[in-house]
Every structure is written in C-alpha cells, then in structure tokens.
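An overview of the molecular structure
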Amino acid sequence: MKVRVDSSLCQGHAMCHALAPEVYTLDDLGFCNIGEKEVHPTQQAAALRGRDGCPERAITILDHSEQVSDTPTLDHRSSAKGPPYS
Ligand code: SF4
C-alpha cells in the first residue's frame, strides 16, 4: 500500500499526524508534505485512520491489491465457450 498526500489540498490541520504519526510526518509549519510514500504492512491501519481523519480529503490510499484485481483472470467458469463437457 502507498499513500499520497496532495500538498495543494493540505491545510495543515495535522489530524493525520495526530492519528498516525508513524505514517504522516509534518514539516515545520505543520503541513504534511510527504508526497507519495510506501506504507509498511504493520502501519496500514494507521494510514487508513489518518486518511479518514483528514478534513480536506488530501490523502489518497493507493492499494496495490486493487491494481491486481483489474488484471483479467483465466477462470474457465466465466468463459464464453460454455461448459467443459459440451
Ligand atoms: S490532516 Fe490533511 S490537511 Fe491536515 S495536515 Fe494532514 S493531510 Fe494536511
């Protein structure tokens, strides 16, 4: 999982940091300018908490599993050729 913070939306509320300081660090002015960052599996729940707490909706979760699910499968049950016994 990756997170992306849109710095053009961030208003420096620091809610993300309050909820998940291990994921969302702040600069000297209180803005989260991490850009795009890989999140360790043990920190994914915290990353989601921080995303949900951002009042500006500046945080996007980039979930690798969603990208994988877009890949076509070779499942014969959904094949247009009909059942295997015909
Ligand atoms: S909660 Fe949102 S607006 Fe506030 S610092 Fe974090 S990313 Fe920026």
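If you're wondering where the values come from, they're calculated on a predicted model, not measured in any experiment. (Residues numbered from 1 in each chain as written. Predicted model: local features only at pLDDT ≥ 70, side-chain atom pairs only at ≥ 80, totals over all residues.)

Some words on the pairing of strand E1 (residues 2-5)
Both faces of the sheet carry side chains from a regular strand, because those side chains alternate between them. Because side chains alternate across E1, one face comprises the buried residues Val-3 and Val-5, and the other comprises Lys-2 and Arg-4, none of which is buried. Relative to strand E2 (residues 36-38), E1 runs antiparallel, the two being bridged by three bridges. The residue of E2 that forms the bridge with Lys-2 is Glu-38. Relative to strand E3 (residues 59-62), E1 runs antiparallel, the two being bridged by four bridges. Directly across from Val-3, in E3, lies its bridge partner Ile-61. (Buried ≥ 20, exposed ≤ 12 C-beta atoms within 10 Å, placed from the backbone. Helix = DSSP H or I, 4+ residues; strand = E, 2+ residues; numbered from the N terminus. Pairing = 2+ DSSP bridges.)

Regarding the environment of Ala-14
Among the secondary structure elements, Ala-14 is positioned in the loop between E1 and helix H1 (15-19). Once the C-alpha coordinates of Ala-14 and Gly-30 are considered, the two residues, 16 residues apart in sequence, prove to be 6.3 Å apart. Aside from chain neighbours lying at most four places away, what touches Ala-14 is Leu-26 and Gly-30. (Contact = placed C-beta atoms within 7 Å.)

Description of unusual backbone geometry
The phi dihedral of Ala-14 falls on the positive side, at around 70°, and the residue is not glycine. The phi dihedral of Arg-57 falls on the positive side, at around 50°, and the residue is not glycine. Within the secondary structure, Arg-57 sits in the loop between helix H2 (44-53) and E3. By C-beta crowding, Arg-57 is classed as exposed, having 10 other C-beta atoms within 10 Å.

Description of the confidence of the model for the chain
Confidence along the chain averages 84 in pLDDT terms, with 73% of residues attaining 70 or more. The element-level mean pLDDT for the chain is lowest in helix H3 (residues 64-69), coming to 47, with H1 highest at 98. Taken as a whole, residues 66-80 scores under 50 in pLDDT and shows one contact with residues more than four places along the chain or in a different chain. (pLDDT = per-residue confidence, 0-100.)

Section: the nonpolar core
Among the nonpolar cores identified, the biggest contains twelve residues, and these are Val-3, Val-5, Cys-10, Cys-16, Ala-20, Val-23, Tyr-24, Cys-32, Val-39, Ala-47, Cys-54 and Ile-59. Setting aside anything within four residues of it in sequence, one finds Ala-47 in contact with Met-1, Val-3, Ala-20, Val-23, Val-39 and Ile-61. (Core = buried A, V, L, I, M, F, W, Y, C linked by C-beta atoms within 7 Å.)

Some remarks on H2
Three or more residues of H2 are buried, namely Ala-47, Gly-50 and Arg-51. Projected down its long axis, H2 carries its buried residues within an arc of 100°, all on one side. In this structure, the buried residues of H2 make contact with E1, H1 and E3. (Arc of directions from axis to C-beta.)

Brief notes about the sheet that holds E3
With antiparallel pairing, three strands are arranged side by side in an open sheet as E2-E1-E3. The outermost strands of the open sheet, each flanked by one partner alone, are E2 and E3. Averaged over all neighbouring strand pairs, the angle between strand axes comes to 20°, with direction disregarded. Along the sheet face, H2 touches E1 and E3 and points at about 145° away from the line of E3. (Axes fitted to C-alpha atoms, helices over the stretch in contact; angles between N-to-C directions.)

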